[in-house]
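Okay, here's what each chain looks like letter by letter:
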Amino acid sequence: MKSFRMSRILLIEDEERIARVLKLELEHEGYEVHTQSDGRTGLDAALSEPEWDLILLDVMLPELSGLEVLRRIRQVNAILPIILLTARDAVSDRVSGLDQGANDYVTKPFATVELLARIRSLLRQRSLQDQPAEEPYSLKIDDLTMDLKSRSVVREGAAIELTPTEFELLRFLIQHQDEVMTREQIISEVWGYDFVGDTNVVDVYIRYLRQKVDKPFSSKLIQTIRGVGYLMKAEPSQTEEADDGSVAKEKPL
Ligand code: CA
């Protein structure tokens, strides 16, 4: 383990009671917590400090909405872990939040233990990425390479842009290549073991990932195992039905 410092969390939340309670709980868990109570000062704080380990971002905020804050943070920082605090029935907020690069969300009212578990999960992923490596730490499958240090993905020489969640999903699938992974296994590793949302989120992200890492190329790496989950494999399976349009299966030689 490398040198230890307290993880620093920025909490952007306008409901004073929630902010106060969360700050106490998080400090009790050993985090250093700073709070901002509107979107604009929250965004300023998020951007002016390079040292945040994680941001907890309420969606309904005065001055600037949480989604707008998220969008502007992502323009300059693609990897900072961000968890959205969303209202129970605001499904569209959660969808656009994930689309815009939020790593996770919790729905109000949430149990603090649940939020803490998600925070730990994201910080764990983050610390794995931060681990110093003498040689580039990379994963490979077929003609696709993931560099975990620079967080770049290349297939057939072409750079592929992934959101943080897509990146973690791809990493997990490659680490378990040739093994069928269930939606539950994927959820618990990529989204955190106590994720309470719908496991359909996996299918949604697999679809995003396929668009980027499979669709433009002649061989498909991600297979759907019906009724079970997904399999990442270098050889295209003959029994696999084309999920996303039929592409001529030519061997790239
Ligand atoms: Ca609010």
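Below: a short report on this structure. (Residues numbered from 1 in each chain as written. Predicted model: local features only at pLDDT ≥ 70, side-chain atom pairs only at ≥ 80, totals over all residues. Heavy atoms only, no water.)

## So, the coordination of the calcium ion
Then, in step 1: In the first shell of the calcium ion, the protein supplies D14 (OD), D58 (OD) and M60 (O), at 2.1 to 2.3 Å from the metal.
Then, in step 2: Along the chain, the residues donating to the calcium ion are arranged with the sequence spacing D-x43-D-x1-M. Of this pair, D14 sits in the loop between strand 1 (8-12) and helix 1 (16-28) while M60 sits in the loop between strand 3 (54-58) and helix 3 (66-76); the two residues are 46 residues apart in sequence, bridging distant segments of the chain.
Then, in step 3: The class of D14 is partly exposed, set by a relative accessible area of 31%.
Then, in step 4: For M60, a relative accessible area of 60% corresponds to the exposed category. (Donors = N, O, S within 2.8 Å, 3.2 Å for Na, K, Ca; no water. Helix = DSSP H or I, 4+ residues; strand = E, 2+ residues; numbered from the N terminus. Buried < 20%, exposed > 50% of the residue type's maximum accessible area, 1.4 Å probe, protein only.)

## Thoughts on the nonpolar core
Then, in step 1: Among the nonpolar cores identified, the biggest contains 52 residues, and I55, L57, L144, M146, L170, I186 and W191 are the most heavily contacted of them.
Then, in step 2: Both of domain 1 (8-129) and domain 2 (138-232) provide at least three residues apiece to this core.
Then, in step 3: The residues touching I55, leaving out its near neighbours within four places in the chain, are L10, I12, A46, I73, L80, P81, I82 and I83.
Then, in step 4: By size, the runner-up hydrophobic cluster in this structure holds 19 residues, among which are I9, L22, L56 and L85. (Core = buried A, V, L, I, M, F, W, Y, C linked by side-chain atoms within 4.5 Å. Domains from an automatic or database assignment. Contact = heavy atoms within 4.5 Å.)

## Concerning helix 1
Two residues of an α-helix separated by three or four positions point the same way, owing to the 3.6 residues in each turn.
Then, in step 1: The terminal C-alpha atoms of helix 1 lie 18 Å apart, and with 13 residues this matches the ideal 18 Å at 1.5 Å per residue to within 8%.
Then, in step 2: Turning to helix 1, its buried residues number three or more, namely I18, A19, L22 and L26. Down the axis of helix 1, the sector holding all buried residues measures 95°, keeping them to one side. Turned more than 90 degrees away from the buried face of helix 1, the exposed residues are E16, R17, L24 and H28.
Then, in step 3: Just past helix 1, the residue G30 takes up positive phi, approximately 95°. (Expected span 1.5 Å × (residues − 1). Arc of directions from axis to C-beta.)

## A closer look at the pattern of salt bridges
Pairs can form between side chains of opposite charge whenever their charged atoms are close.
Then, in step 1: Within this structure, the stated rule accounts for 17 salt bridges.
Then, in step 2: E32 serves as the salt-bridge partner of R8, at 3.1 Å between the closest nitrogen and oxygen. One end of the pair, R8, is in strand 1; the other, E32, is in strand 2 (residues 32-36), with 24 residues separating them in the sequence.
Then, in step 3: By relative accessible area, R8 is classed as buried at 12%.
Then, in step 4: For E32, a relative accessible area of 28% gives the class partly exposed.
Then, in step 5: Linking E68 and R71 is a salt bridge whose minimum nitrogen-to-oxygen distance equals 2.8 Å. (Salt bridge = Lys/Arg side-chain N within 4 Å of Asp/Glu carboxyl O.)

By themselves, these figures tell us nothing about what the structure is for.
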